[in-house]
Structures are given as structure tokens and as C-alpha cells.
Amino acid sequence: MATGLRGVLATSMVVILQGVAGLAQGLAQSDAASVVRIEMSEYAFTPAQVTLKAGKPVTLTVNVGRTTHMFTSTYLASQDLEVESADIEVDAPKGVKYVKVQPGKSSEIKFTPMQNGTFEFSCDVKSGGRSHRDRGMKGQLVVN
């Protein structure tokens, strides 16, 4: 009888440890950053609307078309950003004014959105006397 009890206890411990391991893995995955690919081309963002979860880290990857494009947003200027592989302009103390990406290159914009709402983004590069934004190159970040 003692051997049977040990077997039940051993099996119970394995099940509990597997449950704890599964919970830890689920928590680690929920803390991982979401990656959202936004493609910039002449003269559009794809997708033009991106939904993000407040409090969840995100990495926006931005890929450009044949000309230089910008990713600019007053919302992003209010966030603590980490930007890789791009030219940026910082408007101190307001934050990152824009992320400029050269033709055929990509960039990563990493941040954790905190404020709920709908916020515009656009490309403010000018060519031929008009901005790409004026030609329809704009979109929305929806944070909920």
C-alpha cells in the first residue's frame, strides 16, 4: 500500500510541475512583444489601421518602397521608443518626431503603448510640392 501511495504522489507531483511549467510559459509568451509589419509604399501604408493592446510591448516593422518614407505620429512622439535601423529626428523634449526609412530598407520601432485611443500616423516626406500624406499616405494606430 505504501508503494501505491508513493506512485500516486509521484504522479501528482509530475502533473503539478507540468501545470506550473505551462503557466510560466504562458506568462512568458504574454510578456513577449507583438510584431506588427507595416509596409510603406508609394503612397500607402499596408495595413492602414493597426490595433495594439495597451500595456503590451510591440515592435512595428516598417518596410519601404522605391522612395524614402517617414513614419510619423504625435502619439509615437509621446512614447518611450527604441528605434533600430533608421534615421530619426528627436524634437526634445517632446520625443521622436519621425522615423525616416531609406528605399528598400526596414526599421523596427519598439514601445509599449499605454494610452487608449485612435491616433494618426503618416508620411511627411515632400515631393513635387506635396507631402506623401497629402497623397493619401496615412493610417491609424488603435490602442485598446
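Let us look at the structure shown here.

**Details of the pattern of salt bridges**
Summed over the entire model, instances satisfying the criterion amount to five salt bridges. Of the charged contacts, one joins arginine 66 and glutamate 42 as a salt bridge, the two residues approaching to 3.9 Å between their closest N and O atoms. Of this pair, arginine 66 sits in the loop between β4 (58–63) and β5 (69–71) while glutamate 42 sits in the loop between β1 (34–41) and β2 (44–46); the two residues are 24 residues apart in sequence, bridging distant segments of the chain. A residue is classified by how much of its surface remains accessible, and arginine 66, at 69% relative accessible area, is exposed. Overall, glutamate 42 belongs to the partly exposed group, its relative accessible area being 25%. In this structure, lysine 110 engages glutamate 84 in a salt bridge whose closest nitrogen and oxygen atoms are separated by 3.2 Å. On the criterion of sequence distance, the pair formed by lysine 110 in strand β9 (residues 106–111) and glutamate 84 in strand β6 (residues 82–84) is long-range, its members being 26 residues apart. The class for lysine 110 is partly exposed, based on a relative accessible area of 25%. Classification of glutamate 84 by relative accessible area gives partly exposed; the value is 30%. Three or more residues are tied together by salt bridges with common partners; here these are Glu84, Glu108 and Lys110.

**Quick notes on the packing of aromatic side chains**
One pass over the full model with this rule turns up four aromatic pairs. Aromatic side chains phenylalanine 45 and phenylalanine 121 sit 4.8 Å apart centroid to centroid with 90° between the ring planes, which places their arrangement in the edge-to-face category. Of this pair, phenylalanine 45 sits in strand β2 while phenylalanine 121 sits in strand β10 (residues 117–122), and the two are 76 residues apart along the sequence. Each member of the pair phenylalanine 45 and phenylalanine 121 is classed as buried.

Cut-offs used in this document
Numbering of residues starts from 1 in every chain and runs along the sequence as written. Residue-level local features of this predicted model are given only where pLDDT is at least 70; pairs of side-chain atoms are given and counted only at 80 or more, and the full residue set underlies all totals for whole chains, interfaces and linings. Just so you know, side-chain values use all the structure's heavy atoms and leave hydrogens and water out. Only one rule defines a salt bridge in this text: a Lys or Arg side-chain nitrogen within 4 Å of an Asp or Glu carboxyl oxygen. Numbering of helices and strands runs from the N terminus; a helix is a DSSP stretch of H or I covering at least four residues, while a strand is a stretch of E covering at least two. The buried label applies to any residue whose accessible area, calculated with a 1.4 Å probe on protein chains only, is under 20% of its type's maximum; exposed applies above 50%, and partly exposed to all values in between. Working definition: rings of Phe, Tyr and Trp (its six-membered ring) pair if their centres are within 6.5 Å, and the pair is stacked with planes under 30 degrees apart, edge-to-face with planes over 60 apart, and tilted otherwise.

Geometric values such as these leave the question of function open.
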